[in-house]
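Structural overview for review
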Amino acid sequence: MPEGTAKNMAAGDAQDLTDGFHLIIDALKLNGLATIYGVPGIPITDFGRMAQAAGIRVLSFRHEQNAGYAAAIAGYLTKKPGICLTVSAPGFLNGLTALAHATTNCFPMILMSGSSEREIVDLQQGDYEEMDQLAIAKTMCKAAYRVLHAQDIGIAVARAIPGGVYLDLPAKLFGQVMNAEAGRKSLVKVVDAAPAQIPAPSSVKRALDVLKSAKRPLIVLGKGAAYAQADDAIRAFVERTGAPFLPMSMAKGLLPDTHPQCAGAARSTVLKDSDVVMMIGARLNWLLSHGKGKNWGDAPKKFIQVDIEPKEMDSNVEIVAPVVGDIGSCVQAFLDAMGGKWAPSPAEWTNAVRAKREENVAKMAPRLMNNNIPMDYHGALGVLRTIIQERPDTILVNEGANTLDLARGVIDIYKPRKRLDVGTWGIMGIGMGQAIAATVETGHPVLAVEGDSAFGFSGMEVETICRYGLPVCVVVFNNNGIYRGTDVNTANADPATTVFVTGARYDKMMEAFGGVGVNATSPDDLRRAVNAALESRKPTLINAVIDPAAGSESGRIGNLNPQSALKKKQA
Ligand SMILES: Cc1ncc(C[n+]2csc(CCOP(=O)(O)OP(=O)(O)O)c2C)c(N)n1
Ligand SMILES: [Mg+2]
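Residues numbered from 1 in each chain as written. Chains lettered and ligands numbered in written order. Predicted model: local features only at pLDDT ≥ 70, side-chain atom pairs only at ≥ 80, totals over all residues. Heavy atoms only, no water.

Observations regarding empty space enclosed by the protein
- Within this structure, the stated rule accounts for 1 cavity of 30 Å³ or more.
- Looking at the largest cavity, its volume works out to about 60 Å³.
- Surrounding the largest cavity, G242, P244, P260, Q261, C262, T350, V353 and R354 form its lining.
- Looking at the lining of the largest cavity residue by residue, the classes come out as 4 nonpolar, 3 polar and 1 charged. (1 Å grid on protein atoms, 1.4 Å probe; cavity = no way out; pocket = protein on both sides within 12 Å on 5 of 7 lines; lining within 4 Å. Points joined across faces, edges and corners; volume = space filled by probe spheres on them. Nonpolar A, V, L, I, M, F, W, Y, C, P; charged D, E, K, R; others polar.)

In structure tokens:
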């Protein structure tokens, strides 16, 4: 039976019919996509209800951007596309930021948005929430598809996997009716969304030859390596080489930060002094100073790059040994080709790196134990560092400027994919969405360490956390502002642009929704409150009062602020 409307169908046929609502649900379920993060409204409210009734977990957020960040990180954690569901125009745009973020970070995600009447939108006749969403989405993700016919839903969902993809679902699609058996047959189960991509054996040999020639090798692990879930092979490979390794922030824990080869605490030394750098699932973007400049020192350097994306090769500097394939297959190929006889990295180099690391760790240790009131970053982070050491299954979510940069350095991570943060863009606002999805997808409790500004971008989702009763402990590093709380505007009565209300009590936000709120003014308060939260698994928000003068402008990346040439001349 061709598509039609329910009106056209004889009532007696109803059980032999299906509709767009159910076909989308069936297509998602068939492909094992069992969780939706979204915000309801026309035209997708009933769809959400029906999805919930059909056994899909539907988590309703307070803002689509947060639902989108949840979907994005769900994709990262599970290797299956996270689904974000929104209404048209404004809801779509709110979700689109997250889809763009997911695409930039190579997280699989599908944004599904309802859209208005095609005929009216295309003639720009002013429909309810009118917008040409498809055209806008195309520039922001890998692909964007619109589904006009119920019988195309199966193929459309299949094409969208694994993302980052936008699926445009016009309101009319949901109500379209077709024969149930034909509908079932129209569904497509994706057999292998990300097939193994075996690297060319010659590229593997070339990479190993370069690595073998190194006097001062360095392995850089990126979040692509963490995403691959090839944890054992990666660890075996790194250990076989004996080389120091540097984890990018979301790759921390792939091997424990306390591993003897970890060079996290000797970052500037290894970047400067290494002679061969093997990048595994890490890109040579701004986060690594594009592989050049003063951070990388003067000594000539050879780069080996291992990545699934051929376009990453030679993106910023020459890659003398490109290895293209999925990280799991590449690392396994290295292990196979290395055989039993691989000379460990020169001891002179590994000892030098270890000495530098121990020196830096020792330098930091007393600062982490300080009991200053108000707390500074190190005093507060020292507490959280110990808690994560004692509870290594806890997932750490982290955003802010100083709160991010200092926590990344201070808090050791012991297991893969236990640290989630602002990603490639350094985006604020991922906090509560990531916290919610991280516990929903893994069942582990979450510790979200948030700058007070960063928290504000998604703070309303504490209601969502309370509503679903999620084991999330939010610690707001309340230094009364962006970077610092001490800025003064001398031009008029308005506050400076970077400061917030003095003495704000973020803990009361959590209490407003039935969660636990704690105001922590000392490291001891903080320790007690976080331990209680992780023990009880009750939604908790701790307002950690931080010295407003403790932070620095833009955290560790102040050098990226533009300076006027004029100002320099005058100075
Ligand atoms: C979406 C977005 N908007 C704005 C910024 C600019 N930004 C970078 S860090 C930051 C907030 C830093 O303050 P806070 O979170 O309180 O951390 P602190 O340094 O005070 O510890 C802002 C607004 C951004 N990175 N992303
Ligand atoms: Mg702040």
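With respect to the coordination of the magnesium ion (ligand 2)
- Within the protein, D452 (OD), N479 (OD1) and G481 (O) serve as the donor atoms for the magnesium ion (ligand 2), at 2.0 to 2.1 Å.
- Every donor residue of the magnesium ion (ligand 2) comes from the same chain, spaced as D-x26-N-x1-G. Each member of the pair, N479 as well as G481, carries the same accessibility label: buried. (Donors = N, O, S within 2.8 Å, 3.2 Å for Na, K, Ca; no water. Buried < 20%, exposed > 50% of the residue type's maximum accessible area, 1.4 Å probe, protein only.)

Describing the pairing of strand 3 (residues 57–60)
- Two elements, strand 2 (residues 35–38) and strand 3, share 4 bridges in a ladder whose sense is parallel. Within strand 3, the position partnered with Y37 by the bridge is L59.
- Regarding the hand of the β-α-β motif, the stretch spanning strand 2, helix 2 (residues 45–53) and strand 3 is right-handed. (Pairing = 2+ DSSP bridges. Helix = DSSP H or I, 4+ residues; strand = E, 2+ residues; numbered from the N terminus. Right-handed = clockwise from strand over helix to strand, strands pointing away.)

Some points on unusual backbone geometry
- Residue P162 is bonded to the preceding I161 through a cis peptide linkage, with omega at 5°.
- For P162, the position within the fold is in the loop between helix 7 (153–160) and strand 7 (165–170).
- Between G163 and the following residue, G164, the backbone shows a cis peptide bond with an omega angle of -5°.
- For G164, the position within the fold is in the loop between helix 7 and strand 7.
- For R537, which is not a glycine, the phi torsion comes out positive at approximately 60°.
- Take R537: it is sitting in the loop between helix 22 (523–536) and strand 19 (540–545).
- By relative accessible area, R537 is classed as partly exposed at 39%.
- With a phi close to 60°, S554 is a non-glycine residue in the positive phi region.
- Mapped onto the fold, S554 is located in the loop between strand 19 and helix 23 (565–570).

Digging into the packing of aromatic side chains
- In total, this model carries 10 aromatic pairs according to the counting rule given.
- Seen from their ring centres, F21 and F174 are 5.4 Å apart, and the 40° between their planes marks the pair as tilted. In this pair, F21 sits in helix 1 (residues 20–30) while F174 sits in helix 8 (residues 171–175), placing the two residues 153 residues apart along the sequence.
- The exposure class assigned to F174 is buried, which follows from its relative accessible area of 1%.
- Taken together, the ring pairs in this structure connect F21, F47 and F174 into an aromatic cluster.
- The positively charged end of K79 is found above the aromatic ring belonging to Y227, 5.7 Å away from the centroid. (Phe/Tyr/Trp six-rings, centres within 6.5 Å; stacked < 30°, edge-to-face > 60°. Lys NZ or Arg CZ within 6 Å of the ring centre and 35° of its normal.)

Some details on helix 17 (residues 402–410)
- For helix 17, the buried fraction is high: 7 of the 9 residues fall into the buried class.
- For helix 17, every residue scored as buried is listed here: N402, T403, L404, D405, L406, A407 and V410.

Here we look at the site of ligand 1
- The immediate surroundings of ligand 1 are formed by 16 residues, with Y377, N402, T403, G426 and D452 found nearest.
- For ligand 1, an oxygen atom lies 3.1 Å from a polar atom in the backbone of Y483.
- Within the complex, 76% of the 580 Å² of free accessible area of ligand 1 lies under protein.
- Taken together, the elements giving at least two residues each to the shell around ligand 1 come down to helix 17 and helix 19 (452–456).
- Among the elements that take part in the shell around ligand 1, helix 19 stands out by supplying 3 residues, more than any other.
- Partitioned by chemical class, the residues of the shell around ligand 1 number 7 nonpolar, 8 polar and 1 charged. (Near = heavy atom within 4 Å. Polar contact = N/O pair within 3.5 Å; in protein donor to acceptor, adjacent residues only side chain to side chain. Areas by Shrake-Rupley, 256 points an atom, 1.4 Å probe, with all protein chains shown as cover.)

Quick word on the sheet that holds strand 10 (residues 245–247)
- With parallel pairing, 5 strands are arranged side by side in an open sheet as 10-9-11-12-13. Here the strands that pair on one side only, and so sit at the sheet edges, are strand 10 and strand 13 (321–324). Averaged over all neighbouring strand pairs, the angle between strand axes comes to 15°, with direction disregarded.
- When strand 9 (residues 217–221) meets strand 11 (residues 276–280), the two strands line up parallel, connected through 5 bridges. Opposite I219, over in strand 11, you have M278 as the bridge partner.
- Contacts from helix 12 (residues 231–241) reach strand 9, strand 10 and strand 11, with the element oriented near 165° to strand 9. (Axes fitted to C-alpha atoms, helices over the stretch in contact; angles between N-to-C directions. Contact = heavy atoms within 4.5 Å.)

Side note on helix 18 (residues 431–442)
- Over its 12 residues, helix 18 extends 16 Å from the first C-alpha to the last, a length consistent with the 16 Å expected when each residue adds 1.5 Å.
- Most of helix 18 is tucked away, with 10 of its 12 residues classed as buried.
- Turning to helix 18, its buried residues are G431, M432, G433, Q434, A435, I436, A437, A438, T439 and V440.
- Taken from the residues just after helix 18, G443 is the one with a positive phi, measuring 80°. (Expected span 1.5 Å × (residues − 1).)

Quick notes on the layout of surface pockets
- Its boundaries defined by the atoms lining it, the second largest pocket holds a volume of some 220 Å³.
- Lining of the second largest pocket is provided by 15 residues; of these, L368, M369, G382, V383 and T386 occupy positions nearest its centre.
- Of all elements in the fold, only helix 15 (347–368), helix 16 (377–390) and helix 22 reach the threshold of two or more residues within the lining of the second largest pocket.
- Considering every element that reaches the lining of the second largest pocket, the biggest residue donor is helix 16, with 6 residues.
- Its residues assigned to classes, the lining of the second largest pocket shows 7 nonpolar, 6 polar and 2 charged.

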